[in-house]
Each structure stands twice: as structure tokens, then as C-alpha cells.
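The chain contents come next:
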Amino acid sequence: MTTADNALFQWVPIRSLAPRHRERAAQHLLALEPRDRYLRFGYAATDEQVRRYVDGLDFERDELFGIFNRKLVLIAMAHLAYAPEAKTPEQRRTAEFGVSVLKQARGRGYGARLFDRAMLHARNRGCDRLFIHALSENSAMLKIAANAGATVQRDGPESEAWLKLPPDDLASRVDELVSQQAAELDFRFKVHAHRMNRLMGMVRDVGDHISEKGRIASE
Ligand SMILES: CC(C)(COP(=O)(O)OP(=O)(O)OC[C@H]1O[C@@H](n2cnc3c(N)ncnc32)[C@H](O)[C@@H]1OP(=O)(O)O)[C@@H](O)C(=O)NCCC(=O)NCCS
């Protein structure tokens, strides 16, 4: 397999999320099991705290990315946050990454792909550092960060990972644009397929109903 084939094989449609996806984001996070919520937020977030987090998401300032399955369920989601009260230029060039993947979709590389996408976006937005705060027991998250070249500092139960980002260039801009457009196209196909499935289901129901009526009438 060539490098290009390999890249295509590993391609995962990642969409930018907008305010209209707020409820889906809430459903995604509420579907996380208690331990995963604990790992995601760093504390045992209640439903109410999850809702408050989602209500407070700023889609203008930050970037939210998602992966949808064929049934249009948001199975993975990442939040790239910028410091709202950044005072120094260094803080303004730093973005923080948070991610979650539903249990049934784990181990397929979605977490790592979302991280790649966040790195690309942060670079293109002029950031030169990515920050990840994770619990030290969160091997999967720390592995994703370390695999990308981040420096991980463990401090007891908490860990911080810092990743230096290269400056943006034409390739990084084109890469993000193409990925975004391809993911939009993929989503439209999924919406279409979903509608067709529902339509076929309705046609089948009507067919069953008619044959049932015919059977009763002939009895
Ligand atoms: C962390 C999380 C997003 C990883 O998602 P994922 O899609 O399963 O991860 P990937 O498939 O991309 O795997 C990334 C790497 O982690 C490794 N990994 C995955 N699960 C692991 C685990 N339980 N223990 C150790 N390593 C693990 C994979 O082997 C892979 O490394 P490799 O490429 O060197 O083989 C997911 O486990 C999750 O949602 N956890 C709950 C929320 C959370 O912890 N969020 C992070 C805090 S911000």
C-alpha cells in the first residue's frame, strides 16, 4: 500500500460543530459512563454539570469537532479551547484540547484523529502550543499526546502534556480545507442514506399493511 492509499484508508470524516449541534453534544457527553465522565472532566460531572458545560460552549471563540456514525449519532467529539482571558501573547497562542469517544467506537483511532485535526486547526489559527490536562491514570489520552510528540509532566494524580506546534503553511491550510469539505460531503451522504432507509422502512410498513388487509378480506 502506498502512503497515499494508507492516508485514504485511515481517513476519518471530522466535522466542525456549530451551535445547532449543542443538543447532540449534550447527548454524546451524557452517554459517557461515570468513569469516562470523570476522565473527561477531571471530576465526577453530574448531568447538570455536563449540561452547564454544553450550554457554556462558545462555538465562535473555540472549535468543536465531531465524528458522526451512519445513524448520525455523534460518536466522538473534541473541544479545542482558547484562553478567554488571555493576557500575554504566549497565552493567546495556546489552545487546550479535550476529547471523548463513545465506548462502542473506541480503539479505532478516532481519539488520535481528532487530536491530529485539533493540531492542524490550532496551527492554522496561529497557535504554537497545545495543552492537554489529563488524570495520570488516563493512559489512552496520555498515549495520544505522547505519540504526537508532546512532553508529558506527571504531578501525582494529574498530568499536563504540552505540544509545540509548527507554524502554519499552505499545506496545512489546504489539508484542513480539504478534510472539512470531504467530511461535509460524507455527512450529506449519511443524511441521504438515513432518509432513504426511513423511506424504505415506511414503504415496507405500508406493503405489510396492504397484504395484511388483503389476507383478512380474503378470509
Ligand atoms: C481517551 C479516548 C478519547 C481515546 O479514544 P480512542 O478513540 O479509543 O483512542 P485511539 O483509538 O485513537 O487510541 C489512541 C492510542 O491510545 C491507545 N489506547 C487506547 N485505549 C487505551 C487504554 N485503555 N490504555 C492504554 N492505551 C490505550 C491506543 O492503543 C492508541 O495508541 P497506539 O496508536 O500507540 O496504539 C477515549 O478513551 C475516551 O473517550 N475516554 C474517556 C474520556 C477521556 O478520557 N478523555 C480525555 C481527557 S480530555
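No experiment lies behind these values; they were computed from the predicted model shown.

Rules behind the numbers
Residues numbered from 1 in each chain as written. Predicted model: local features only at pLDDT ≥ 70, side-chain atom pairs only at ≥ 80, totals over all residues. Near = placed C-beta within 6 Å. Helix = DSSP H or I, 4+ residues; strand = E, 2+ residues; numbered from the N terminus. Buried ≥ 20, exposed ≤ 12 C-beta atoms within 10 Å, placed from the backbone. Pairing = 2+ DSSP bridges. Contact = placed C-beta atoms within 7 Å. Axes fitted to C-alpha atoms, helices over the stretch in contact; angles between N-to-C directions. Left-handed = near helix turned anticlockwise from the far one by under 90°. Parallel < 35°, antiparallel > 145°, perpendicular 65-115°, else oblique.

> How do you make sense of the site of the ligand when you look at a structure like this?
The ligand sits among 22 residues. The nearest are Leu39, Arg106, Gly111, Ala112 and Ala140. Contributing elements (two or more residues each) for the shell around the ligand: helix H3 (34-41), strand E4 (94-101), helix H6 (110-124) and helix H7 (139-147). Take the shell around the ligand: its biggest share by element is six residues, from H7.

> Can you walk me through the pairing of strand E3 (residues 74-82) in this structure?
A regular strand carries its side chains on alternate faces of the sheet. Counting buried positions along E3 yields seven of nine residues, so the element is predominantly enclosed. Where E3 meets E4, seven bridges bridge the pair, whose relative direction is antiparallel. Residue pairing across strands places leucine 80 opposite phenylalanine 97, the latter belonging to E4.

> Looking at this structure, how should I read the sheet that holds strand E2 (residues 63-68)?
Backbone hydrogen bonds hold the strands of a sheet together, and the pairing may be parallel or antiparallel. The strand order E1-E2-E3-E4-E5-E7-E6 describes an open sheet built from seven strands, whose pairing is mixed. If you trace the sheet from one side to the other, it starts and ends with strand E1 (15-16) and strand E6 (151-155), each paired once. In the sheet, E1 pairs with E2 via two bridges, with the strands oriented antiparallel. Pairing of arginine 15 across the sheet is with glycine 66, part of E2. The sheet strands contacting helix H2 (residues 22-30) are E2, E3 and E4, and the helix crosses E3 at an angle near 105°.

> How should I be thinking about the pairing of strand E5 (residues 129-135) in this particular structure?
Here E5 shows one buried face, formed by Leu130, Ile132 and Ala134, and one open face, formed by Arg129, Phe131, His133 and Leu135. As defined by bridge partners, E4 adjoins E5 across three bridges and the pair is classed as parallel. Within E5, the position partnered with alanine 95 by the bridge is leucine 130. Two strands pair when backbone bridges link them, and E5 and strand E7 (residues 158-164) are joined in this way by seven bridges, in the antiparallel orientation. Looking across to E7, one finds that leucine 130 is bridged to leucine 163.

> Would you take a moment to explain the environment of phenylalanine 59 for this structure?
Mapped onto the fold, phenylalanine 59 is located in the loop between helix H4 (47-55) and E2. Put simply, phenylalanine 59 and alanine 18 are 41 residues apart on the chain and 6.1 Å apart in space, counted from C-alpha to C-alpha.

> Just to check I follow, could you spell out the packing of H2 against H4 for this structure?
Packed helix pairs are specified by the crossing angle of their axes together with the interaxial distance, meaning the distance between the axes. Interhelical geometry of H2 versus H4 gives an angle of 145° and a closest axis separation of 10 Å. As H2 packs across H4, the resulting crossing turns out to be right-handed. Contacts from Arg22, Ala25, Ala26, Leu29 and Leu30 of H2 reach H4 at Asp47, Val50, Arg51 and Val54.

> Would you mind showing me how to read the packing of H6 against helix H8 (residues 170-218) here?
Contact geometry for H6 and H8: axes closest at 10 Å, N-to-C directions at 125°. The orientation of H6 relative to H8 falls into the category oblique. Taken as a pair, H6 and H8 cross one another with a handedness that is left-handed. Packed against H6, whose contacting residues are Arg117, Leu120, His121, Arg123 and Asn124, the element H8 presents Ser172, Arg173, Asp175, Glu176 and Ser179 at the interface.

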